[in-house]
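The lines below spell out each chain.
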2 protein chains.
Amino acid sequence: MSKSIFYHAGCPVCISAEQDIVDLIGKSQVEIVHLGEAKNRIDEAEKAGVKSVPALLTPNGNVLHLNFGASMADVKG
Amino acid sequence: MSKSIFYHAGCPVCISAEQDIVDLIGKSQVEIVHLGEAKNRIDEAEKAGVKSVPALLTPNGNVLHLNFGASMADVKG
């Protein structure tokens, strides 16, 4: 894995954090995944350790949970 | 302000997040501030909107709160 992955769920705080992350890391360095639209990737996100969104999965496998926006339970609902 | 500022308090989760942020953004693009050692900068951090550490203040003034480590009250104590 060479890119970071930014998981979000379309909430306002997610969109704001997404813009900040893209500005900081660079658009080519991060994949954006909207878990509300790509529900088939929720399992992958949970296995990677994502407990809330927005969250950034770094290339070395760490998960940085950003401003608390929505729990994984909310995304599934 | 052209650099980001990463505020932390030396807790294990802070150190881990610091390494991730430095790897992602680049060491030259972020100033690291240890609020436990630089207590004179707590006021500045709070005015910028930092509510917990570790947190990243972006160049455009947004605060990204990362994995919850320690409340500002704990840092002051």
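Throughout what follows, the structure given in this document is the object of discussion. (Residues numbered from 1 in each chain as written. Chains lettered and ligands numbered in written order. Predicted model: local features only at pLDDT ≥ 70, side-chain atom pairs only at ≥ 80, totals over all residues. Heavy atoms only, no water.)

1. Examining the interface of chain A and chain B
Between chain A and chain B, the residue contacts involve 18 residues of the former and 18 residues of the latter. On the chain A side of the interface with chain B, the three residues burying the most area are Asp-20, Leu-24 and Leu-64 of chain A, jointly 44% of the side's total. In this structure, the connection of chain A to chain B is made through zero salt bridges. Where chain A meets chain B, there are two residue pairs in polar contact (both at pLDDT 80 or more). With seven residues, helix 1 (residues 12-25) of chain A is the single largest residue contributor to the side of chain A that touches chain B. Per-class residue counts for the side of chain A that touches chain B are nine nonpolar, seven polar and two charged. (Contact = heavy atoms within 4.5 Å. Buried area = accessible area lost by both parts, 1.4 Å probe. Salt bridge = Lys/Arg side-chain N within 4 Å of Asp/Glu carboxyl O. Polar contact = N/O pair within 3.5 Å; in protein donor to acceptor, adjacent residues only side chain to side chain. Helix = DSSP H or I, 4+ residues; strand = E, 2+ residues; numbered from the N terminus. Nonpolar A, V, L, I, M, F, W, Y, C, P; charged D, E, K, R; others polar.)

2. So, helix 1 (residues 12-25) of chain B
All names here are of chain B. End to end, helix 1 covers 20 Å across 14 residues, agreeing with the expected 20 Å (1.5 Å per residue, within 8%). Where helix 1 is concerned, the buried positions are Cys-14, Ala-17, Asp-20, Ile-21, Val-22, Leu-24 and Ile-25. Directly beyond the C-terminal end of helix 1, a positive phi value near 105° is found at Gly-26. (Expected span 1.5 Å × (residues − 1). Buried < 20%, exposed > 50% of the residue type's maximum accessible area, 1.4 Å probe, protein only.)

3. Thoughts on the pairing of strand 3 (residues 52-57) of chain B
All names here are of chain B. Within strand 3, six of the six residues are buried, leaving the element largely enclosed by the surrounding structure. As defined by bridge partners, strand 1 (residues 4-8) adjoins strand 3 across three bridges and the pair is classed as antiparallel. Looking at strand 3, one finds that Ile-5 is bridged to Leu-57. (Pairing = 2+ DSSP bridges.)

Any link to function would need more than the numbers given here.
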